[in-house]
Amino acid sequence: IKKDLCNYNLIIARESITYEAIKQIQENTLLAPDPAFFMEYKKCNLSNQLNSDNIIGINVSPHILKCETIPGIAYQNFKQLIQYILSETNATIALIPHVVWESNDDRTVLRKLYDDFDHNSRLVLVADHTAPELKYIISKCNFFVGARTHATIAAYSSCVPTLVVGYSVKARGIARDLFGTEEGYVLPVQEMTNPDQLTKAFCCLYQQREQISAHLHQIMPSYLAPAQRAVSAIKDLK
């Protein structure tokens, strides 16, 4: 791997954990935010249920179910979280897919959750949209729980407080760069051993949502600034 990486003229890592690892073996490595942070949202028609100022977005992917260490534990965690939100808040829950490939379709898991709650009137199963439209829908949420990296980036870049259900180093690295730590902001699916872990993590962050949103508004300009250096480095390649 070291030999292969050293063959590149430039490597741009999107979070600091990966950057620090690669920088040790490849000098031509830069740190810059994922380009998805810069994607502009595109307005789209919303259902009446989503024309609200109290929406919690949830994204689940089949991929994280494959990364769990206890069969079924991730789905149990999401199901218990939805039950908690329905019981303890008056928020509308938007079930938002972000990848809809035939072999890896978020809608399969989200539809099962929707069915398990008998199509509760406070649950909205969002249809597939373009990426900019999905970012618009996510930006309407006042809290987001997501598994797909680019769904969580859509939330972060819209300054929506976000709890990530991660499965790899990228989730931890992005959260660490935004908040100084991933603790409390990322729940690795591999560490799920009890069905209430996601709900507990949600409760801790949800009560801090106003402070988290304010922090994201404050840090986003400096977080995005290194992208210009990366653009210049790409232009300088010969």
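It should be emphasised that the depicted structure is a prediction, and the values quoted were computed from it without experimental measurement.

Student: Let's hear about the nonpolar core: which residues, and what values?
Tutor: Residues Ile58 and Val145 are the most contacted members of the largest nonpolar core, which totals 53 residues. Beyond its immediate sequence surroundings of up to four residues, valine 145 is in contact with Gly57, Ile58, Asn59, Phe78, Leu81, Leu163, Val165, Leu198 and Phe202. Counting 18 residues, the second largest nonpolar core, distinct from the first, contains Leu46, Val126, Cys141 and Ala154.

Student: For empty space enclosed by the protein, give the residues involved together with the corresponding values.
Tutor: Enumeration according to the criterion identifies one cavity of 30 Å³ or more in this entry. For the largest cavity, the full set of lining residues is Thr149, Thr152, Tyr156, Val164, Ala171 and Ile174. The element that contributes the greatest number of residues to the lining of the largest cavity is helix α7 (residues 149–157), accounting for three residues. Looking at the lining of the largest cavity residue by residue, the class counts come to four nonpolar, two polar and no charged.

Student: Before we move on, can you summarise the packing of helix α4 (residues 73–88) against helix α5 (residues 106–116) with the specific residues and values?
Tutor: At a closest axis distance of 11 Å, the pairing of α4 and α5 adopts a crossing angle of 45°. Taken as axis vectors, α4 and α5 run oblique relative to one another. Of the two possible hands of crossing, α4 and α5 adopt the one that is right-handed. In this structure, α4 contributes Tyr75, Phe78, Lys79 and Ile82 to the contact, and α5 contributes Val109, Lys112, Leu113 and Asp116. Its residues placed into classes, the contact of α4 with α5 shows five nonpolar, no polar and three charged.

Student: Pulling in residues and values, what's your account of the pairing of strand β3 (residues 55–58)?
Tutor: Here β3 shows two buried faces, one formed by Ile55 and Gly57 and the other by Ile56 and Ile58. Sheet analysis places β3 next to strand β4 (residues 92–95), joined by four bridges and oriented parallel. Residue isoleucine 55 lies in a different strand from β4, and its bridge partner there is threonine 92. Across three bridges, the pairing between β3 and strand β8 (residues 143–146) is parallel. When the bridges of β8 are listed, glycine 57 appears paired with phenylalanine 144.

Student: Give me the lowdown on the sheet that holds β4, citing residues and values where you can.
Tutor: Backbone-to-backbone hydrogen bonds join strands into a sheet, with any given pair of strands oriented parallel or antiparallel. Here we have six strands laid out as an open sheet, ordered β7-β4-β3-β8-β9-β10, and parallel in their pairing. Pairing within the sheet leaves two strands with one partner each, and these edge strands are β7 (123–125) and β10 (186–188). Within this sheet the neighbouring strands show an average axis-to-axis angle of 15°, counted without direction. As defined by bridge partners, β4 adjoins β7 across three bridges and the pair is classed as parallel. Within the sheet, the bridge partner assigned to isoleucine 93 lies in β7 and is leucine 123. Along the sheet, α5 contacts β3, β4 and β7; its crossing angle with β7, the most-contacted strand, is approximately 150°.

The rules we used
Residues numbered from 1 in each chain as written. Predicted model: local features only at pLDDT ≥ 70, side-chain atom pairs only at ≥ 80, totals over all residues. Heavy atoms only, no water. Core = buried A, V, L, I, M, F, W, Y, C linked by side-chain atoms within 4.5 Å. Buried < 20%, exposed > 50% of the residue type's maximum accessible area, 1.4 Å probe, protein only. Contact = heavy atoms within 4.5 Å. 1 Å grid on protein atoms, 1.4 Å probe; cavity = no way out; pocket = protein on both sides within 12 Å on 5 of 7 lines; lining within 4 Å. Points joined across faces, edges and corners; volume = space filled by probe spheres on them. Helix = DSSP H or I, 4+ residues; strand = E, 2+ residues; numbered from the N terminus. Nonpolar A, V, L, I, M, F, W, Y, C, P; charged D, E, K, R; others polar. Axes fitted to C-alpha atoms, helices over the stretch in contact; angles between N-to-C directions. Parallel < 35°, antiparallel > 145°, perpendicular 65-115°, else oblique. Left-handed = near helix turned anticlockwise from the far one by under 90°. Pairing = 2+ DSSP bridges.

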